[in-house]
Amino acid sequence: MSDTEVVSSTALLKNVQDMLNEEKWTRATLSNYSTNQFKELDVLLKEAKEEKSLDELKKICDEHLGHTKNSIIALYLSGMIALSRQIIDDSTLISLVTIFVDNHKWNIVKYLCERILDYGESKFALRTMADCYKNDNEEEAIFGIWERLVKVDYEEADLAKSLAEHFEKLSDSESAVDYYKKALHRYINKQLFTNVREIWAKLLEYCPEDIDFFLHVQKKIAKNISEDKAVLLLQDVYTSCRKSQDINTAISILKLILQYDEKDSLARREITECFKEKYADHSQLEEYIRISNLAQNYRNVHEAIQDFEKHIAFDKGNFVFHRTWGVGRIAKIEGDEIVIDFSKKREHAMSLKMAVNALQTLVKNHIWVLKATQKKEKLHERVKNEPLWALKTVIRSFGNSCDIKRIKAELVPSILSAGEWSTWSTKAREVLKSDPSLGVSPENIDLYTVRERPISIEEKLFNEFKAERNFFERVQTVRGFVSQKDVELDSEYFNEMFSYFTGYLRSYNQVNEQVVASFLLVKDLVRQYPYLGTGLQLDFQQLFEDIDDVSSVFMAIRDNKIKEDFLNHVKIFVPNWADIYIKLFPYALNNAIIVSLEKEQFEDKLVSMVQNCFENYREYREAVVWIYKNLSKAPWFSKVGSTLEKQLITLIHILDITYREIKNHRDTSENRKINKQVYTILFKEDVLYSFIDLADTDTILRFFTFIEDVKDLDPADKMKLRSHILDMHPDFKFFGDMEKTVSTRGLIVTAAKYEEKQRQLTHIMEVEVPANSKEIAFALSLGDLRENAEYKAAKEKQEILNSTVAKLKDEIERAQLFDPGTINANRVSFGTKAILLNNSSKKAEEYTILGPWESDPDNRIISYLSPFGGTMLNKKVGDGFDFSIGDEKISYEVKEISAVTL
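All values derive from a computational prediction rather than experimental measurement.

A. Quick peek at the overall build of the chain. Within the chain, the regular secondary structure consists of 42 helices and 14 strands. Taken over the C-alpha trace, the chain has a radius of gyration of 39 Å; the compact-globule value for 902 residues is 29 Å, which it surpasses by more than 25%. Dimensions of the chain along its principal axes, counting C-alpha atoms only, are 125 × 100 × 45 Å. Expressed as a percentage of contacts within the chain between residues at least 6 apart in sequence, the contacts between residues at least 24 apart total 58%. When the accessible surface of the chain is summed, it comes to about 46,700 Å², and 47% of that surface belongs to carbon and sulfur atoms. Between the averaged position of the 124 positive side-chain charges in the chain and that of its 145 negative side-chain charges there is a distance of 4 Å.

This is the structure:
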C-alpha cells in the first residue's frame, strides 16, 4: 500500500469511528433511517475495498458491537464484509434485519434482504422478503420468492405443495409435477402420511407412466414410515396400471406387494388373473397354473410364481438352449412331451419335466438366438456400428444385469475380434456412462441394466452413488453431480447424497479419514452454495485435535482434492503446521509441502526430514525415490550430507527389497510401482553407468556386488553391466562365476516367443475359460451332482485350464524381454552363435545361445540356463573349457562368436 493509500485508509477508518460515536451519543431513532443511509454505507464499503482496508473496518465494527450490540452502522458494515468473504456466520445481518422487521420498516427490510441476496441465496432473507411482499399484497412476487426458497430449503414441504397448486391453476402441469414431487419427498421425511397419500394421488393423475419414480419413492416410504403404507400406495399404482392395460408393470407391482406381505391373498388372486391375461394365447396356460399351484394359497407364493414363469416360457415357437446342442426352437408340445429342433439334432423329443430342468429358455432377441439365427456378417456389422443396440441386447439377455466382462465374453471372438473390441469397448463405455436408457444396479456398481424409461443424468448419478460401496468413489460421484450443467441442488437426489456426508459429522466417536473427508467436502460445497447451511459448526482446528494418528488418517484418504484441501487447512488453522507437514511428507509426496516449507525458511526441518527418510529407507522407500528425483538438486540438499554414492546404494537396496516384497506378495502394486521407478533411474536413465564410468575399481567392484546380490533383477541387465565394466576395464576381476548373475527367478526371452505365449494365454482366458464356465453352469442346472458325469468332466477341464493359466502367467511374469541391441559378440552370451572346436573329436560344433522357451537341442539351439549353456557363458574367442557328460569329459575351445538375428 502506497503512502497516499495509507493516508486515505486512515481517514476512512477515522470517519467510520466518528459515525459510530455519533450514532451512540445521539441515540439515533429507527424512524430516522431510510434506504439512503444504507446506500451511503455501501459507497463507504466500496471505498474501503478499493483502499484494501476491509479487515481494519470490520475489526472496528466488531469491537464497537462488543459494547453496543444494536449499532445499525456496525451491524451493517460488519455483516456485509463477512458476507462478501463468504463467512458462514450471518448472525449480525439477521440481528439487523430483525430490528427493522420488529419496527415494521418494510422498505428497509426489503433493501437489506436484497443486499444479502446479492451474495447468494439465503433462507432467512428469502423468508423475510416473502413477508415483505405479503405485507405489500404483492401475491405474484411472493410465488417467485417461494420458488427460490424451495430450492434452498430442503425441509420446506408446504410451500412446495402451494407452488404445485399454483402452477396447476395456470395449467403448467410440468412445473406442477416438479413441485408435487419435491413436496412428496419432504412430507415423507416428516412422516406425514396423509399429505403423502394426497400428493401420491395427484402424481398418479399427472404422470402414471413414471413408474420408476413411484418405485423409488415407495422404498423410502417403507423405510421412513412403514411397509404397510408403502403397500397401500402400491395398490393405487397397480390400479392405475390395470386401467392403462400395462400388464407387465402391473405384474411387477404385485410381485413387490407380495414381497412385503406374501400372505396378501388379494395380490395373489390378482397376479394369477394378470398372468392369465398376459398368456391368454399360450397353449399350456391352464396346465402350467395347475402344475405350479399358483392359485393355491397353501404353496409359497414366490416359489409358485417362479415355477409358473419357468414353465410358461415353454411354448411352440420359443427358443431354448442346451449345453451340447446349442440353441433350438420348440416345434410342438403334446401332453407331457416336447419336441425341439436343434441345428444339429432335429425333432429331438423329451419330457416336459426334463426340459424344464435341462434347458434354458431364451427370448427371441437373446444374443445366443441372434448368433444362431442370423448371418455372422450381418450381426457383426450391426454390433460394430450400433453399440447401444448391442449393449441393450446382451444386458437384457442375462436377466437385465450384466458387467463389462460378460459383454466381452459374448461378443469376442464370436462376433468381434480382439482388436475390434479395443476400439468398440471405448465407445461402449461412453454409451454406458451417458445414455439415459442405461443405468447401474443399485446393489453393484459393476452391473449395468437397461431402463424401460429414460432417466436424467442426475438420477443416473444418484443410482451410481447408491450402488457404489467405496466412500471416496461416492465423493467423486457427488462432485460429478454438482458439476452438471443447470443441476438442481434442491432435488431429492442431491439432498440424500449431501445428507450421507453430513451424517458423518453429526455422529462420530473417532475422527477417521471419512469424517475428515466429509468435513472438507461439506465445507467446500457450503462455500460454493452458502444456502446449503448444515446447522453444524465446522471447526477444523477442533476436528484436527481429535485425530489420534494424523499420518494414518492422511494415508487412508483416497482422493487427491481432499488431500490438497487437508494440507491447506492444516497450514491455515494449525499453529505448528510446519511440523505436521514434515510428518506427513513421506506419505503425501507433495511438492507444495516443500515449496511452503522453503518459502517460510524451514530448511533445517527439510534437511532433517530427508536424513530421516534415507536412514529409514525401508519404511520410506517411495519417499526416498521421490526425494532423489525431485530434491537432490535443491540448494539446501548439500546439508543432508548424502553423497551420490550413498544415494545410489540406497536405491539399489530399495530395488532388492521391492523385488523380494513382490515375490512374497506383499503390497504388490505399490512395490511394483517403486521398483519400476528405481529400475528406470538406475538402468534406463543410465545413472548407474554414468556413475561407474567415473568410479575407481574398488567402487565398481562394490557396486557390482550389490547389483549381483539383487537376485530377481533381470539377468540381461547384470550381463550388460558386466560387459560394460569389462569394455572399460578389460582386465577387471569379478568375484564368483557369471552363473550367479543369472537369476533362477528371471527368464530371458525373445519378443517373438513372448508374444506367442501371450496369444496362448489370451485364447485360453477369452475363449476356452468362458466356454468351460457355460458347461459348468449348464451341468449344475441338471441337478444331482453326485451322478452328474457332465459336471465332473467340466470341472476336470476347469482344473486343467486353471493349471495351464497359472503356469503361463507365472512364466510370462518371470519373462524379461531381451533387447537385440545389447548383443555382445565379444564373448558368448544370450543372442550369440558360438563355433567350438571339440578337442576330443577334432570337429567344429556350432551352438546358438537363447532361452528355455526357444531351446531346440536337435537344431543346436541351447538355453543359457542349461548346464552346457551356462558353462559357455562369457567365454571369449581362444578360451578353453571342459564339460562332462556322464563319465565322459570333453574339452572345447571357442573358435568364433557372432550375433544372431532375432
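B. Just the sheet that holds strand β1 (residues 319-322), in detail. Taken together, the five strands give an open sheet; going across it, the order is β4-β3-β2-β1-β5, and neighbouring strands pair in antiparallel fashion. Edge strands, defined here as strands with exactly one partner in the open sheet, are β4 (345-351) and β5 (360-362). Mean inter-strand twist for the sheet, computed between neighbouring axes without regard to direction, equals 40 degrees. In the sheet, β1 pairs with β5 via three bridges, with the strands oriented antiparallel. Looking across to β5, one finds that Phe321 is bridged to Gln360.

C. Structural view of the sheet that holds strand β12 (residues 861-863). Strand order in the open sheet formed by five strands is β12-β11-β10-β14-β13, and the pairing between neighbours is mixed. Of all the strands in the sheet, the pair left with one neighbour each is β12 and β13 (880-885). In this sheet, neighbouring strand axes are inclined to one another by 45 degrees on average, regardless of whether the strands run parallel or antiparallel. Across seven bridges, strand β10 (residues 832-838) lies against strand β11 (residues 843-850) in antiparallel orientation. The residue of β11 that forms the bridge with Leu836 is Glu845.

D. Summary view of the pairing of strand β2 (residues 326-334). In the sheet, β1 pairs with β2 via four bridges, with the strands oriented antiparallel. Residue Phe319 lies in a different strand from β2, and its bridge partner there is Arg329. Where β1 folds back onto β2 in an antiparallel hairpin, the turn is made up of three residues. Relative to strand β3 (residues 337-342), β2 runs antiparallel, the two sharing six bridges.

E. Local environment of the pattern of salt bridges. Counted by the stated rule, this structure contains 46 salt bridges. Asp136 is the salt-bridge partner of Lys110, the closest N and O atoms lying 3.3 Å from each other. Residue Lys110 is located in helix α6 (residues 106-117), and its partner Asp136 is located in the loop between α7 (123-135) and α8 (139-152); the two are separated by 26 residues in the primary sequence. The exposure class assigned to Lys110 is buried, which follows from its relative accessible area of 16%. For Asp136, a relative accessible area of 32% puts it in the partly exposed group. Glu168 is paired through a salt bridge with Lys202; the nearest N and O atoms lie 2.9 Å apart. Here Glu168 is found in helix α9 (residues 158-169), whereas its partner Lys202 is found in helix α11 (residues 193-206), with 34 residues between them in sequence. Owing to a relative accessible area of 26%, Lys202 belongs among the partly exposed residues under this scheme.

F. Inspection of the packing of helix α12 (residues 211-224) against helix α14 (residues 247-260) at higher detail. Look at α12 against α14: their axes get within 12 Å of each other, and the N-to-C directions meet at 5 degrees. It follows that α12 is roughly parallel to α14 by the angle criterion. Touching Ile211, Leu215, Gln218, Lys219 and Ala222 of α12 are Thr249, Ile253, Leu256 and Tyr260, all from α14.

G. Here's a closer look at the packing of aromatic side chains. Applying the stated criterion across every chain, the model contains 47 aromatic pairs. Consider the rings of Trp325 and Phe342, whose centres lie 5.4 Å apart with planes at 50 degrees: the pair is tilted. Separated by 17 residues along the polypeptide, Trp325 in the loop between β1 and β2 and Phe342 in strand β3 bring together distant segments of the chain. Given the relative accessible area of 27%, Trp325 is considered partly exposed. We classify Phe342 as buried; its relative accessible area is 0%. Among the aromatic residues, ring-to-ring pairing joins Phe465, Phe471, Phe472, Tyr500, Phe501 and Tyr504 into one connected group. In this structure, Arg382 is placed above the aromatic ring of Trp389, and the distance from its NZ or CZ to the ring centre is 4.0 Å.

H. Representation of the nonpolar core. Of all hydrophobic cores here, the largest spans 222 residues; its most connected members are Phe38, Leu57, Phe314, Phe494 and Phe566. When sequence neighbours within four positions are dropped, the list of residues in contact with Leu57 reads Leu13, Val16, Leu44, Leu45, Ala48, Leu77 and Ile81.

I. Examining the packing of helix α34 (residues 621-630) against helix α35 (residues 644-663) more closely. Running from amino to carboxyl end, α34 crosses α35 at an angle of 140 degrees, the nearest separation of the two axes being 10 Å. In this view, α34 runs oblique relative to α35, as classed from their interaxial angle. α34 and α35 meet at a crossing whose hand is left-handed. Of the residues in α35, those in contact with Arg621, Val624, Val625 and Tyr628 of α34 are Leu644, Gln647, Leu648, Thr650, Leu651, Ile654, Ile657, Thr658 and Glu661. A class-by-class count of the residues in the contact of α34 with α35 yields eight nonpolar, three polar and two charged.

J. How the structure looks around helix α13 (residues 227-243). Across its 17 residues, α13 extends 25 Å between first and last C-alpha, which sits within 8% of the 24 Å expected from 1.5 Å per residue. Where α13 is concerned, the buried positions are Ala230, Val231, Leu233, Leu234, Val237, Tyr238, Ser240 and Cys241. Summarising the contacts, the buried residues of α13 are in contact with α11, α12, α14 and α15 (265-278). Of the residues trailing α13, Gln245 is marked for its positive phi of about 60 degrees.

Definitions and limits used
Counting restarts for each chain: residues are numbered from 1 in the order of the written sequence. Given that the model is predicted, a residue must reach a pLDDT of at least 70 before its local features are reported, and side-chain atom pairs must reach 80 or more before they are shown or counted; all residues, however, enter totals for whole chains, interfaces and linings. Derived side-chain values reflect all non-hydrogen atoms in the structure, with water molecules and hydrogen atoms excluded from consideration. Per the convention used, a helix needs a DSSP run of H or I reaching at least four residues, while a strand needs a run of E reaching at least two, with both numbered from the N terminus. It is over C-alpha atoms that the radius of gyration is taken, and the globule rule equals 2.2 Å times the number of residues to the power 0.38. We call two residues in contact whenever any of their non-hydrogen atoms come within 4.5 Å of each other. Note that accessible areas follow from Shrake-Rupley with a 1.4 Å probe, and for residues the cover is restricted to the protein chains shown. In summary, the charge assignment counts Lys and Arg as positive and Asp and Glu as negative, without counting His or the chain termini. Charged side chains are reduced to one point each, which is NZ for Lys, CZ for Arg, CG for Asp and CD for Glu. Strand pairing is defined by DSSP finding a minimum of two bridges between the two strands. The axes are straight lines fitted to the C-alpha atoms, using for helices just the contacting stretch, and the angles between their N-to-C directions are given from 0 to 180°. The salt bridge definition used is simple: a Lys or Arg side-chain nitrogen within 4 Å of an Asp or Glu carboxyl oxygen. Categorising residues by exposure relies on relative accessible area from a 1.4 Å probe, with only protein chains included: less than 20% of the type maximum marks a residue as buried, more than 50% marks it as exposed, and the intermediate range marks it as partly exposed. In these notes the angle categories are as follows: under 35 degrees is roughly parallel, over 145 is roughly antiparallel, 65 to 115 is roughly perpendicular, and the rest is oblique. Put simply, two rings from Phe, Tyr or Trp (the six-membered ring, in Trp's case) pair if the centres are within 6.5 Å, and we call them stacked under 30 degrees between planes, edge-to-face over 60, tilted for the rest. Two conditions define a charge sitting above a ring: the NZ of Lys or the CZ of Arg must be within 6 Å of the ring centre, and it must be within 35 degrees of the ring normal. Residues enter a nonpolar core if they are buried and are Ala, Val, Leu, Ile, Met, Phe, Trp, Tyr or Cys, with the set joined through side-chain atoms within 4.5 Å. Left-handed describes a crossing whose near helix is turned anticlockwise from the far helix by less than a right angle; the clockwise case is right-handed. Residue type decides the class: Asp, Glu, Lys and Arg count as charged, Ala, Val, Leu, Ile, Met, Phe, Trp, Tyr, Cys and Pro as nonpolar, and the leftover types, Gly among them, as polar. A helix is expected to span 1.5 Å multiplied by its residue count minus one.

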